[in-house]
Amino acid sequence: MRSCLKFAGMAALALMVAACDEQKEAQQSDASAQQQPQATPVGTITLETQTVGLIEEMPGRTVAFRKAAVRPQVDGIIKERNFTEGALVEAGQQLYMIDQDVYMAELDAAQAELARQRATLDQTTKTRKRYESLVKTQAVSEQTFDDAISAEAQAKASVAAARAQVDQARINVEYTTVTAPISGQISSSDVTEGALVTANQAEALTTITQLDPIYVDVTQAGGRLLKIRQAIQNGRIKGVEDGKIEVSLIIDATGVEYPHTGTLQFSDVTVNETTGTVRLRAVFPNPDGVLLPGMFVRGQVRQGRLEGAFLIPQKAVMRRPDGSAYVYTVGDGKAVSKDIEIEQSQGENWLVTGGVENGEQLIVDGLQRIGPGAPVAPQPVEAANADQGGGQDAAQGNAQDNAQETAQ
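Quick caveat, the model's predicted, so the values are computed rather than measured. The numbering scheme is per chain: residues are counted from 1 as the chain's sequence reads. A pLDDT threshold of at least 70 governs which residues receive local features in this predicted model, and a stricter bar of 80 or more applies before side-chain atom pairs are shown or counted, although totals over entire chains, interfaces and linings include all residues. The side-chain values count all of the structure's non-hydrogen atoms but skip hydrogen atoms and water molecules.

## Focus on the overall build of the protein
Point 1. Helix and strand counts for the protein stand at five helices and 21 strands.
Point 2. Across the 408 residues of the protein, 33% fall into the buried class.
Point 3. Note on definitions: a residue-residue contact is assigned when non-hydrogen atoms from the two residues lie within 4.5 Å. In the protein, the share of contacts with a sequence separation of at least 24, taken over all contacts with a separation of at least 6, comes to 76%.
Point 4. As displayed, the protein offers around 24700 Å² of accessible surface, 50% of which is attributable to carbon and sulfur atoms. Every helix listed is a DSSP run of H or I at least four residues long, and every strand listed is a run of E at least two residues long, numbered separately from the N terminus. A 1.4 Å probe rolled over the protein chains alone gives each residue an accessible area, and that area as a share of the maximum for its type sets the label: buried under 20%, exposed over 50%, partly exposed in between. Residue exposure ignores everything except the shown protein chains as possible cover, and the areas themselves are Shrake-Rupley values with a 1.4 Å probe.

## Topic: the sheet that holds strand 5 (residues 94-98)
Point 1. Strand pairing is defined by DSSP finding a minimum of two bridges between the two strands. Within the open sheet, the four strands sit side by side as 6-5-3-8. Their pairing is antiparallel. Pairing within the sheet leaves two strands with one partner each, and these edge strands are strand 6 (177-179) and strand 8 (196-197).

## Considering unusual backbone geometry
Point 1. Going from Asp212 to Pro213, the amide bond is cis rather than trans, its omega being 0°.
Point 2. For Asn200, which is not a glycine, the phi torsion comes out positive at approximately 55°.
Point 3. Examined against the element boundaries, Asn200 turns out to sit in the loop between strand 8 and strand 9 (206-221).
Point 4. For Asp332, which is not glycine, the phi dihedral falls at a positive 55°.
Point 5. Position of Asp332 among the secondary structure elements: in the loop between strand 16 (325-331) and strand 17 (334-339).

## Points about helix 2 (residues 101-134)
An α-helical turn contains 3.6 residues, so a residue and the one three or four places further along point in the same direction.
Point 1. Here helix 2 is 34 residues long and its end C-alpha atoms lie 50 Å apart, about the 50 Å a rise of 1.5 Å per residue gives.
Point 2. All buried positions along helix 2 are accounted for by Tyr103, Leu107, Ala110, Leu114, Gln117, Leu121, Thr124, Thr125, Thr127 and Arg128. A helix is expected to span 1.5 Å multiplied by its residue count minus one.

## What about the pairing of strand 1 (residues 40-46)?
Point 1. Both strand 1 and strand 21 (residues 376-380) contribute to a ladder of five bridges, which runs parallel. The partner of Gly43 across the bridge, within strand 21, is Gln379.
Point 2. Direction of pairing for strand 1 relative to strand 20 (residues 361-365): antiparallel, over a ladder of four bridges. Across the sheet, residue Thr44 finds its bridge partner in strand 20, namely Ile363.

## Details of the side chain of Arg128
Point 1. Examined against the element boundaries, Arg128 turns out to sit in helix 2.
Point 2. Look at Arg128 and you get buried, because its relative accessible area is 18%.
Point 3. Residues in contact with Arg128, not counting those within four places in the same chain, are Phe145, Ala148, Ile149 and Glu152.

## Examining helix 3 (residues 142-175)
Point 1. The end-to-end C-alpha distance of helix 3, which contains 34 residues, comes to 50 Å, matching closely the 50 Å that a straight helix rising 1.5 Å per residue would cover.
Point 2. Taken together, the buried positions of helix 3 are Phe145, Ala148, Glu152, Ala155, Val159, Ala162, Val166, Ala169, Asn172 and Val173.
Point 3. On its buried face, helix 3 sits against helix 2 and strand 6.

## Let's talk about the environment of Ser267
Point 1. One can find Ser267 in strand 12 (residues 262-267).
Point 2. Separated by 48 residues in the primary sequence, Ser267 and Thr219 place their C-alpha atoms 9.4 Å from one another.

## A look at the pattern of salt bridges
Point 1. For salt bridges, the criterion is a side-chain nitrogen of Lys or Arg within 4 Å of an Asp or Glu carboxyl oxygen. Applying the stated rule across the entire model yields 13 salt bridges.
Point 2. In this structure, Glu113 engages Arg116 in a salt bridge whose closest nitrogen and oxygen atoms are separated by 2.8 Å. You can see Glu113 and its partner Arg116 sitting in helix 2, three residues apart, about one turn around the helix.
Point 3. Its relative accessible area of 48% is what places Arg116 among the partly exposed residues.
Point 4. A salt bridge links Asp167 to Arg170; the nearest nitrogen and oxygen atoms lie 3.5 Å apart. A residue pair is termed a helical-turn pair when its members lie 3 or 4 positions apart in one helix, as Asp167 and Arg170 do in helix 3 at three residues.
Point 5. When its relative accessible area of 35% is taken as the criterion, Arg170 is described as partly exposed.

Coordinates in, geometry out; function isn't part of it.
Below, the structure written as structure tokens:
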């Protein structure tokens, strides 16, 4: 009997020890679970390489395609003005009429002088021909014949001079009709009928500006232009052909995109010493006269295509104090920090050419709750947003329950 009781006590003791061991293991597992950090839900997108067109936005101003100041080339009184201020005029169209009576008289005098010199030439030519036959029979001396030849040559020179005087007088008569040197829109007239004008005066009678087409001068940093040229030569940037670089415009005054596209015409060969920029000139069609000289615009220059690039949302990119950019990607369930190379901005994205790989999961939401090596639970951006919304609703519900318990 006594041995049976002893065996029962030992069995009970063994059961108690086993129960204590199980309880201790459960407590240790609970403690380790509490110490291990939980994975933070983050929103991600999958990176994919693509071919991206390089569009550089540059400040600029519009410049008239051609501009001509109209000035008189003869002296006289303005008798007529034959245009409407602000209207479109064609090249060769009559603008002013200067009193031409004096110049017509000078033309008549020059023509009369030409006729007199031609008569003299005719007489000297006949004399030279007559002496030419007489000198052979020694009826006249050779000296007399030489004088006749000289007189004929002088008469020919006088005729040429008289003809030039006629041409000059005729040109002066033509200059009394002031015509438009180019086609374009004419400005207001600075003189009226009856005004006295002089040849080649400093003050212009009016100004003509050709607006269709129109130039747009934009500026780009010299270093940036050099990098693009090197990338084109190395083949990293493709799709650039000389004379076929397209440019689009945004008008600063309205913020509206100009409906017509232009073509880059040339770039300066020097860098501005003050600003360090290079001027690029594009030509745009302007059939409706929307663009006026001197307007501020923003030119978007298409500078080729970049292959194998990534478009990363700007909100996913962070910067260190030294300005270097980095992003977080997902690797083995943890947040991985990666330095990236930014080419330029593209709307709300950064154009990235290095630092990340195709197919990687880029963290775009929840960045403020993670750090390098932190465990994360990646979710597509849409799902992440939905979960965040649900989490906010749950948090609000818990807050209301706590408030009710406190009130009770």
